[in-house]
Amino acid sequence: MDDLQKKQLQEVIGGMTFTKNFRSPSAEEWYVFLPGFKDPVTGGAAGKVIVHYNLFDTKHIFINTTIILDDPALHQKEVHGLVYGICDELVNRLVGYADTLLSVHSGENSYHAEYKQ
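This is a predicted model, so every value here is computed, not measured. (Residues numbered from 1 in each chain as written. Predicted model: local features only at pLDDT ≥ 70, side-chain atom pairs only at ≥ 80, totals over all residues. Heavy atoms only, no water.)

Caption draft 1: Fine view of the overall build of the protein chain. Across its full length, the protein chain holds two helices and six strands. In the protein chain, the order of α-helices and β-strands from amino to carboxyl end is α-β-β-β-β-α-β-β. Compactness check: the protein chain gives a C-alpha radius of gyration of 14 Å against a globular reference of 13 Å for 117 residues, within 12% of the reference. Its C-alpha atoms give the protein chain principal-axis dimensions of about 45 × 30 × 25 Å. Within the protein chain, the proportion of its 117 residues that are buried is 35%. Across the protein chain, every contact between residues at least 6 apart in sequence was considered, and the portion connecting residues at least 24 apart equals 47%. (Helix = DSSP H or I, 4+ residues; strand = E, 2+ residues; numbered from the N terminus. Rg over C-alpha atoms; globule rule 2.2 N^0.38 Å. Buried < 20%, exposed > 50% of the residue type's maximum accessible area, 1.4 Å probe, protein only. Contact = heavy atoms within 4.5 Å.)

Caption draft 2: Structural context of helix 2 (residues 80–94). Counted at 1.5 Å a residue, the expected span for helix 2 with its 15 residues is 21 Å, and the 21 Å between its end C-alpha atoms agrees. Along helix 2, the residues classified as buried are L82, V83, G85, I86, C87, L90, V91 and L94. Just downstream of helix 2, G96 is the residue with a positive phi angle, here 80°. (Expected span 1.5 Å × (residues − 1).)

Caption draft 3: Structural detail: the packing of helix 1 (residues 3–15) against helix 2. The geometry of helix 1 relative to helix 2 is characterised by a closest axis approach of 10 Å and an angle of 35° between their N-to-C directions. Between helix 1 and helix 2 lies a crossing whose hand is right-handed. Each of Q8, L9, V12 and I13 in helix 1 lies in contact with helix 2, whose residues at this interface are L82, G85, I86, E89 and R93. Of the residues assigned to the contact of helix 1 with helix 2, the class counts are five nonpolar, two polar and two charged. (Axes fitted to C-alpha atoms, helices over the stretch in contact; angles between N-to-C directions. Left-handed = near helix turned anticlockwise from the far one by under 90°. Nonpolar A, V, L, I, M, F, W, Y, C, P; charged D, E, K, R; others polar.)

Caption draft 4: Representation of the nonpolar core within the structure. Ranked by size, the top nonpolar core spans 27 residues in total, and within it L34, V49, I67, L74, I86 and L90 carry the most contacts. At the level of elements, helix 1, strand 2 (27–33), strand 3 (47–53), strand 4 (63–69), helix 2, strand 5 (100–105) and strand 6 (111–115) are the ones that each hand at least two residues to this core. At seven residues, helix 2 tops the list of elements feeding residues into this core. Discounting chain neighbours no more than four positions away, the residues touching V49 are E28, E29, W30, V32, T65, T66, I67, L90 and L94. (Core = buried A, V, L, I, M, F, W, Y, C linked by side-chain atoms within 4.5 Å.)

Caption draft 5: Quick peek at the side chain of S103. For S103, the location among the structural elements is in strand 5. Exposure remark for S103: the relative accessible area of 13% places this residue in the buried category. Looking at S103, its side chain comes within polar contact range of the side chain of H105, at 3.1 Å. (Polar contact = N/O pair within 3.5 Å; in protein donor to acceptor, adjacent residues only side chain to side chain.)

Okay, structure coming up:
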């Protein structure tokens, strides 16, 4: 990332907010609000995060996390570093340091990752 992208990432992370939309015994859904980005259909949250807790397999516990970013501006290949930084921060804030299987859906910037302690 160049200096301009790093500055943009800091501004987006600094203004990032989220609200819990749904909670069940095994899952949470969060709406994610990012300054400068929004859902093109509703004009609301730029995306959502679904955190699903694996309650049945206690031998290897992973938290399955799905991040869906709806703003088409975050689907462009040129902003991959920004998307990666946003998603990394979302995992840190909403999941913490637990072992996590991550799936990101953001157009050309979609990816899968594994966070392990």
